[in-house]
Amino acid sequence: MKQSHAAPVTSLPQSPQDEATGRVRRYWITMGIRMACFALTVLVTPYGWYTWVFAAAAAVLPYIAVVFANAVSPTATPPAESPVQELSAPAPAPEAAPGEPTVITVQERRSVTDAPGEDRT
């Protein structure tokens, strides 16, 4: 039986068409808010401090709308880890009891270069 290894849905990037649609939607929403601020600047009377707030928003929102529309989501997002591809780890070694000393045994062997009778000055 052949197994297929499909990519997990959570690790797939957003399609370019969906991303572009979302950016256009954000642009139109921001520009709609700008038009409402412009209308409120002209129509709300008596004029007061809020008129200046509406006028400032109507002046700044086009810049904000363009910046949001051109902001592309990062495509180099780290992929989600698949539970199917997890690594198996060996069981941890049992730790020594606190009262027992750790014993290290060292065994020395004579190497070929340390032969007796050889002068190494």
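## What about the overall build of the protein chain?
Phase 1 of the analysis: Within the protein chain, the secondary structure is distributed over two helices and zero strands.
Phase 2 of the analysis: Counting contacts in the protein chain only where the partners sit at least 6 residues apart, residues at least 24 apart contribute 66% of the total.
Phase 3 of the analysis: When the accessible area of the protein chain is evaluated, it comes to approximately 11,200 Å², of which 63% is carbon and sulfur surface.

## Concerning helix H1 (residues 16–43)
Phase 1 of the analysis: Counted at 1.5 Å a residue, the expected span for H1 with its 28 residues is 40 Å, and the 41 Å between its end C-alpha atoms agrees.
Phase 2 of the analysis: Of all the residues in H1, the buried ones are Glu19, Gly22, Thr30, Met31, Cys37 and Thr41.

## Things to note about the packing of aromatic side chains
Phase 1 of the analysis: Considering all chains together, one arrives at two aromatic pairs under this definition.
Phase 2 of the analysis: On the numbers, 5.5 Å between centres and 75° between planes, the contact of tyrosine 27 with tryptophan 28 is edge-to-face.
Phase 3 of the analysis: Judged by its relative accessible area of 26%, tyrosine 27 falls in the partly exposed class.
Phase 4 of the analysis: Between tryptophan 49 and tyrosine 50 the ring centres are 5.8 Å apart and the planes differ by 75°, which places this aromatic pair in the edge-to-face class.

## Comments concerning the packing of H1 against helix H2 (residues 49–70)
Phase 1 of the analysis: Here H1 crosses H2 at 170°, and the two axes come no closer than 8 Å. As the angle between them shows, H1 and H2 are arranged roughly antiparallel. The two elements H1 and H2 meet at a crossing, and its hand is left-handed. Residues Arg23, Arg26, Tyr27, Thr30, Met31, Ile33, Arg34, Cys37, Phe38, Leu40 and Thr41 of H1 pack against Thr51, Phe54, Ala55, Ala57, Ala58, Leu61, Pro62, Ala65, Val66, Phe68, Ala69 and Asn70 of H2.

## A short note on the environment of valine 53
Phase 1 of the analysis: Inspection of the secondary structure assignment puts valine 53 in helix H2.
Phase 2 of the analysis: With a relative accessible area of 46%, valine 53 lands in the partly exposed category.
Phase 3 of the analysis: In the structure, valine 53 is positioned twelve residues away from threonine 41 in sequence and 8.4 Å away in space, judged by C-alpha atoms.

## What to know about unusual backbone geometry
Phase 1 of the analysis: Looking along the chain, the bond that leaves threonine 45 and enters proline 46 is cis, with omega of 0°.
Phase 2 of the analysis: As for its placement among the helices and strands, proline 46 is situated in the loop between H1 and H2.

## What about H2?
Phase 1 of the analysis: End to end, H2 covers 32 Å across 22 residues, agreeing with the expected 32 Å (1.5 Å per residue, within 8%).
Phase 2 of the analysis: Considering bend angle alone, the principal kink of H2 is centred on valine 60 and spans about 35°; proline proline 62 follows within four residues of it.
Phase 3 of the analysis: Residues of H2 that are buried include every one of Thr51, Ala58, Leu61, Ala65 and Ala69, and no others.

About the thresholds
Residues numbered from 1 in each chain as written. Predicted model: local features only at pLDDT ≥ 70, side-chain atom pairs only at ≥ 80, totals over all residues. Heavy atoms only, no water. Helix = DSSP H or I, 4+ residues; strand = E, 2+ residues; numbered from the N terminus. Contact = heavy atoms within 4.5 Å. Areas by Shrake-Rupley, 256 points an atom, 1.4 Å probe, with all protein chains shown as cover. Expected span 1.5 Å × (residues − 1). Buried < 20%, exposed > 50% of the residue type's maximum accessible area, 1.4 Å probe, protein only. Phe/Tyr/Trp six-rings, centres within 6.5 Å; stacked < 30°, edge-to-face > 60°. Axes fitted to C-alpha atoms, helices over the stretch in contact; angles between N-to-C directions. Parallel < 35°, antiparallel > 145°, perpendicular 65-115°, else oblique. Left-handed = near helix turned anticlockwise from the far one by under 90°. Bend = angle between axes of the 7 residues up to and from the residue.

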